[in-house]
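# Structure at a glance
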Amino acid sequence: MYARTDNSMGKVITTLTVINRIDQANARRGLIPAEQVRSVTLNNVLVDTGATTLCLPGDVIAKLGLELLKEVDVTTATGLSTARIFQDAKISLFGREGTFECLELPGGQNALLGVIPLEALGLAPDLRNQTLKVLPSESSDTYLTIL
């Protein structure tokens, strides 16, 4: 028997695309050309079940041109602080899409994918294989429920 000392054990990293949903809607209406829809593909996004929502660095939010929704108090590993929440971040991952608010991270941090977008998109972390599982969306095994 031996102990595994690899720090990546149980760590799930993914790639996702984030689109400015307002740009996308304006392009569909013919208000802007499709090539002006702002989007970014992010590598090394940590799937973080300790995070509530999508968390993006400020430079990514600026590049996407997302609008500020509000400022909120948040609890972090270093204590209570204030963070800005932006709206209309549409994410695409494993063929599923959804629009979410996102919290602005301090500079230099990689994006985090929290539990609300994971659940809404029907994705679950598989810690043993260090990947995301796509939950079924059809038949009696669907992840969508109305009780």
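For the structure given in this document, a descriptive report is provided here. (Residues numbered from 1 in each chain as written. Predicted model: local features only at pLDDT ≥ 70, side-chain atom pairs only at ≥ 80, totals over all residues. Heavy atoms only, no water.)

## Quick word on the nonpolar core
Quick note on the threshold: Only buried Ala, Val, Leu, Ile, Met, Phe, Trp, Tyr and Cys residues count toward a nonpolar core, and they belong to the same one when joined by side-chain atoms within 4.5 Å. Exposed residues in this analysis have more than 50% of their type's maximum accessible area, buried residues have under 20%, and partly exposed residues fall in between, with area computed by a 1.4 Å probe over protein chains only. Helix and strand definitions follow DSSP, with helices as H or I runs of at least four residues and strands as E runs of at least two, each counted in order from the N terminus. Contacts: residue pairs with any heavy atoms within 4.5 Å of one another.
In this structure, Val-18, Leu-42, Leu-56, Leu-66, Ile-91, Cys-102 and Leu-113 are the most contacted members of the largest nonpolar core, which totals 25 residues. Listed by contribution, the elements that provide at least two residues to this core are strand S1 (13–20), strand S2 (39–47), strand S3 (54–57), helix H2 (58–64), strand S5 (79–93), strand S6 (96–105) and helix H3 (115–121). When near neighbours in sequence (up to four residues on either side) are disregarded, Val-18 contacts Arg-38, Ser-39, Val-40, Leu-42, Leu-56, Leu-64, Ala-89, Lys-90 and Ile-91. By size, the runner-up hydrophobic cluster in this structure holds eight residues, among which are Ala-83, Leu-103, Leu-105 and Leu-112.

## Thoughts on helix H1 (residues 21–28)
We count it as follows: Each polar contact in these results corresponds to two N or O atoms within 3.5 Å; when the atoms are within protein, one needs to be able to donate a hydrogen and the other to accept it, and residues that are neighboring in sequence are counted only if both atoms are side-chain atoms.
Buried within H1 we find Asp-23, Gln-24 and Ala-25. Lining the buried residues of H1 we find S1, H2 and S5. Capping the start of H1, Asn-20 holds a side-chain oxygen 2.9 Å from the backbone nitrogen of Ile-22, two or three residues further along. Gly-30 sits one or two positions beyond H1 and adopts a positive phi of about 80 degrees.

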